[in-house]
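# Notes for the structure review
Each chain is listed here by its residues.
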Amino acid sequence: MAERGRPRGFDRDLALRQAMITFWERGYEGTSMADLTTAMGIASASIYAGFGAKEQLFREAVELYGATEGARPLHLLETAGTAREGVAQALRANADRFADPATPPGCMVVLSALTGTTQNAGLRGFLAERRALVPHSFRRRLEQGIKDGDVTAGTDVDAVADFYAAVLQGMAIHSRDGATRARLETVIACALAAWDTLTSPEAAPC
């Protein structure tokens, strides 16, 4: 029998995933402690004992999101035979994830950017850093493509990386607004059609 006042044991990994799903669906500020206790199936005392305050729990949930939901697109980006194919596969893997009925639509990290008060400035900075990893990953893959010879030398990798990161973020919002997987594929096709122009050394930054 547990001691009085001592939080009961629980499956921490499962509880954290349930918190991640709840934050993903409702956002940080839209999620109350009552929402979290219901979703995680534990009392607030256990949440504080196991994860700390709400902000600490959210940060850990974002890290879990990146390590799980974000792992496959990044792997495909890095391991594809060419930079163009890597970008294409990453966009499609994200579209699959955004449209998966088993989880909330869109991207947890992108959608968390849409609201935020000045009281949560530190958290907003944390999320901005997480989002900055996307253009960084695209840029790194483009630079590898230049080394491998499948991206033209002189390509403005910053501009191209920012473009595809913006496409990806737009897809996340589009998905939250109800876009189907087929509609997201149309967006991807249009974005990839611009590849040759964007990777031309004569291309002017957008």
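Just so it is clear, the structure is predicted and the values come from calculations on it, not from any experiment.

### Structural notes on the UniProt feature "DNA-binding region" (unreviewed entry) in the chain
UniProt's entry tags residues 32-51 with the feature "DNA-binding region" (unreviewed entry), counted in the numbering of this structure. The span residues 32-51 carries 80% helix and 0% strand; its end-to-end C-alpha distance comes to 15 Å.

### Notes on the environment of alanine 194
Take alanine 194: it is sitting in the loop between helix 10 (181-193) and helix 11 (195-198). Look at alanine 194 and you get partly exposed, because its relative accessible area is 22%. For the pair alanine 194 and valine 160, spaced 34 residues apart in sequence, the C-alpha to C-alpha distance is 9.9 Å.

### Looking at the side chain of lysine 54
Among the secondary structure elements, lysine 54 is positioned in helix 4 (residues 54-68). Of the side chains with opposite charge, aspartate 35 lies nearest to the buried lysine 54, which makes no salt bridge, at 7.5 Å. Engagement of the side chain of lysine 54 in a polar contact is seen with the backbone oxygen of tyrosine 28, the distance being 2.9 Å.

### Notes on the UniProt feature "domain: HTH tetR-type" (unreviewed entry) in the chain
UniProt's entry tags residues 9-69 with the feature "domain: HTH tetR-type" (unreviewed entry), counted in the numbering of this structure. Strand forms 0% of residues 9-69 and helix 75%; the C-alpha atoms that close the span are 27 Å apart.

### Thoughts on the packing of helix 1 (residues 12-26) against helix 2 (residues 33-40)
Helix-helix packing is characterised by the crossing angle of the two axes and by the distance between the axes. Two elements in contact, helix 1 and helix 2, have axes whose closest approach is 8 Å; the angle formed by their N-to-C orientations is 135°. One way to sum up the angle between helix 1 and helix 2 is to call them oblique. Where helix 1 crosses over helix 2, the handedness of that crossing is right-handed. Contacts from Ala15, Gln18, Ala19, Thr22, Phe23 and Arg26 in helix 1 reach Asp35, Leu36, Ala39 and Met40 in helix 2.

### What about the packing of aromatic side chains?
One pass over the structure, following the stated rule, counts eight aromatic pairs. Ring geometry for phenylalanine 10 against phenylalanine 51: centres 6.2 Å apart, planes inclined by 35°, an arrangement best described as tilted. You can see phenylalanine 10 sitting in the segment before helix 1 and its partner phenylalanine 51 sitting in helix 3 (residues 44-51), a full 41 residues away along the chain. The exposure class assigned to phenylalanine 10 is partly exposed, which follows from its relative accessible area of 29%. Taken together through their ring pairs, the aromatic side chains of Phe138, Phe163, Tyr164 and Trp195 make up a single cluster. Here lysine 54 stacks its cationic end above the ring of tyrosine 28, 4.4 Å away from the centre of that ring. A cation over a ring is seen here: arginine 59 above phenylalanine 126, with NZ or CZ 4.7 Å from the ring centre.

### Quick word on the pattern of salt bridges
In this structure the tally under the stated criterion is ten salt bridges. Close ionic contact of arginine 17 with glutamate 69 constitutes a salt bridge, the shortest N to O distance being 3.6 Å. Of this pair, arginine 17 sits in helix 1 while glutamate 69 sits in the loop between helix 4 and helix 5 (71-79), and the two are 52 residues apart along the sequence. Judged by relative accessible area, which is 14%, glutamate 69 ranks as buried. The closest approach of N and O atoms between arginine 139 and aspartate 158, which form a salt bridge, is 2.5 Å. Of this pair, arginine 139 sits in helix 8 (residues 121-148) while aspartate 158 sits in helix 9 (residues 157-176), and the two are 19 residues apart along the sequence. Salt bridges here are not isolated pairs; linked through shared partners, they connect Arg92, Asp96, Arg181 and Glu185.

Basis of the calculations
Residues numbered from 1 in each chain as written. Predicted model: local features only at pLDDT ≥ 70, side-chain atom pairs only at ≥ 80, totals over all residues. Heavy atoms only, no water. UniProt positions renumbered as here; feature names shortened; annotations may be inferred. Helix = DSSP H or I, 4+ residues; strand = E, 2+ residues; numbered from the N terminus. Buried < 20%, exposed > 50% of the residue type's maximum accessible area, 1.4 Å probe, protein only. Lys, Arg positive; Asp, Glu negative; His and termini not counted. Salt bridge = Lys/Arg side-chain N within 4 Å of Asp/Glu carboxyl O. Polar contact = N/O pair within 3.5 Å; in protein donor to acceptor, adjacent residues only side chain to side chain. Axes fitted to C-alpha atoms, helices over the stretch in contact; angles between N-to-C directions. Parallel < 35°, antiparallel > 145°, perpendicular 65-115°, else oblique. Left-handed = near helix turned anticlockwise from the far one by under 90°. Contact = heavy atoms within 4.5 Å. Phe/Tyr/Trp six-rings, centres within 6.5 Å; stacked < 30°, edge-to-face > 60°. Lys NZ or Arg CZ within 6 Å of the ring centre and 35° of its normal.

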